[in-house]
Amino acid sequence: MPVSSPCGVCRIHAEQEAGGPAAELLIHRDPLWHLRHHPHPSPLTGWLLLDSARHLGGAMEFDPVESAAFGPMLQRSSRLVRELTGCDRVYAIAFGEGARHLHVHLIPRLGADGASESWAVADLYRVVAAGERPAAAPADVLALVRRAQQLTARW
Ligand SMILES: [Zn+2]
């Protein structure tokens, strides 16, 4: 998919491959999946996105290989978020509205932070996107991505 693709997720993948700015947030890539940090402004440090490599709208469009691989990859990626952030739980949400290309939001649920609890996390997303609450510090995000790249080097 070229960098000029109409799909925002495909554009990010093309930019990662070309070594553009999105490449620094890439954690893991294989023939089926891309795991990356949420781009700036990110509501939380450790908010990852698990994308299908192929342009598809959701699990209902998986081929048999993607279908069999999704569960293990979702588990592995969720455990990574927990290890990186020390969170209690990891939310997995996929709307596919901003881009009709599967990108599962993997959100660290930190017990002490009420702003990330259940549906409140959607409000958090909106106030950060609107600039009403500070986003995760880019330096913190980059440090977490470096650790994540080390932890996933043998995936
Ligand atoms: Zn796409």
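It should be emphasised that the depicted structure is a prediction, and the values quoted were computed from it without experimental measurement. (Residues numbered from 1 in each chain as written. Predicted model: local features only at pLDDT ≥ 70, side-chain atom pairs only at ≥ 80, totals over all residues.)

Across the sheet, 5 strands lie side by side as S1-S2-S3-S5-S4; this open sheet has antiparallel pairing. At either margin of the open sheet sits one strand with a lone partner, and together these are strand S1 (26-29) and strand S4 (89-93). Across the sheet, the axes of successive neighbouring strands diverge by a mean angle of 20 degrees, strand direction being ignored. With 3 bridges joining them, S1 and strand S2 (residues 33-37) adopt antiparallel strand pairing. Note that in S2 the partner of Leu-26 across the bridge is Arg-36. (Pairing = 2+ DSSP bridges. Helix = DSSP H or I, 4+ residues; strand = E, 2+ residues; numbered from the N terminus. Axes fitted to C-alpha atoms, helices over the stretch in contact; angles between N-to-C directions.)

Formed by 30 residues in total, the largest nonpolar core has its most connected members in Ile-27, Leu-48, Leu-50, Val-81, Leu-106, Ile-107 and Val-145. Apart from residues no more than four positions distant in its own chain, Ile-107 is found in contact with Leu-44, Trp-47, Val-90, Tyr-91, Ile-93, Ser-116 and Val-121. (Core = buried A, V, L, I, M, F, W, Y, C linked by C-beta atoms within 7 Å. Buried ≥ 20, exposed ≤ 12 C-beta atoms within 10 Å, placed from the backbone. Contact = placed C-beta atoms within 7 Å.)

Turning to helix H3 (residues 120-129), a few remarks are in order. The set of residues buried in H3 consists of Val-121, Leu-124, Tyr-125 and Val-128. One side of H3 holds all its buried residues, which, seen down the axis, span an arc of 100 degrees. The exposed residues of H3 that point more than 90 degrees off its buried face are Ala-120, Ala-122, Asp-123 and Arg-126. Turning to H3, the residues buried within the fold contact S4 and strand S5 (103-109). Of the residues trailing H3, Gly-131 is marked for its positive phi of about 80 degrees. (Arc of directions from axis to C-beta.)

Right, let's talk about unusual backbone geometry for a bit. Of note, the bond from His-40 into Pro-41 is cis; its omega dihedral lies within 30 degrees of zero at 0 degrees. Looking at the secondary structure, you find Pro-41 in the loop between S2 and strand S3 (48-52). Phi at Ser-118 is positive, roughly 45 degrees, even though this residue is not glycine. Of note, Ser-118 is situated in the loop between S5 and H3.

With that settled, consider the environment of Gly-58. Position of Gly-58 among the secondary structure elements: in the loop between S3 and helix H2 (64-85). Using a count of 14 C-beta atoms within 10 Å as the deciding quantity, one classes Gly-58 as partly exposed. Considered as a pair, Gly-58 and His-103 are 45 residues apart in the sequence and their alpha carbons are 8.4 Å apart. The contacts of Gly-58, once residues within four sequence positions are left out, are Ala-94, Gly-96 and Leu-102.

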